[in-house]
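Each chain, letter by letter, is given below.
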Amino acid sequence: MYDAYASEMEQMTQDEAYLQQHRRSFGSRPIRVLTSGNHGVPAHVPDRVNYEHEITQAQARWLALSSNSKQIFAHHSSEYIQFDDPETVISAIREVYDQARNP
C-alpha cells in the first residue's frame, strides 16, 4: 500500500498539469467529488489547517467540469473514504447512477 501511495504522490504534479492543459466540459453529466476531513496530516503539524484547506479547494476545482456537480464531505474520514465511510461512497454512486439513468 505504501508503494501505491508513494507512486500517487510522485505523479500528482504531472496529473494536475495534464488536467489543466486538457480541460474540457462534461456538460450536465453528474459529477460527485468526495472530500475527506483528514488528508493524512497529523494534528501536531503547524500548517495542517492551511494544507487541508488547499486540498479541499483543489478538489473543488473539479466542480467546474459539469453544471451538475457537487462536493460531498466525509468529515470523519481519512483520504480512504471507501474504507472509513463506505455509505458516503455508495450514496454518491447511487445518486450519479440514478441521475444518469433519468436525465
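Quick summary incoming for the structure in this document. Residue numbers restart at each chain and count upward from 1, following the sequence in its written direction. Where local features are concerned, this predicted model is filtered to residues with pLDDT of at least 70; where side-chain atom pairs are given and counted, the filter is 80 or more; whole-chain, interface and lining totals use all residues. To obtain the side-chain values, all non-hydrogen atoms of the structure were used and water was disregarded.

1. Here we look at the pairing of strand E1 (residues 30-36)
A simple rule labels every residue: compare its accessible area, found with a 1.4 Å probe on the protein chains alone, to the largest value its type can have, and call it buried under 20%, exposed over 50%, or partly exposed in between. Comment: elements are numbered from the N terminus, with helices defined as DSSP H or I runs of at least four residues and strands as E runs of at least two. Extensive coverage of E1 is indicated by the burial of 6 of its 7 residues. Only when DSSP finds a minimum of two bridges between them are two strands counted as paired. Pairing of E1 with strand E2 (residues 68-74) involves 7 bridges; the strand directions are parallel. Along E2, the bridge assignment pairs Ser36 with Ala74.

2. Some points on the packing of aromatic side chains
The relative placement of two aromatic rings is captured by the distance of their centres and the angle of their planes. Aromatic pairing here means that ring centres of Phe, Tyr or Trp (its six-membered ring) are within 6.5 Å. Orientation follows from the plane angle: under 30 degrees is stacked, over 60 is edge-to-face, and everything else is tilted. Evaluation of the coordinates by the stated rule reveals 1 aromatic pair. For the ring pair Tyr80 and Phe83, a centre distance of 6.2 Å and an interplane angle of 40 degrees mean the geometry is tilted.

3. So, the pattern of salt bridges
For salt bridges, the criterion is a side-chain nitrogen of Lys or Arg within 4 Å of an Asp or Glu carboxyl oxygen. Following the criterion strictly, the structure yields 2 salt bridges and no others. Across the salt bridge formed by Glu95 and Lys70, the nearest N and O atoms sit 2.8 Å from each other. You can see Glu95 sitting in helix H4 (residues 86-101) and its partner Lys70 sitting in strand E2, a full 25 residues away along the chain. A relative accessible area of 36% places Lys70 in the partly exposed class. Several salt bridges converge on common partners, so that one network encompasses Arg32, Lys70 and Glu95.

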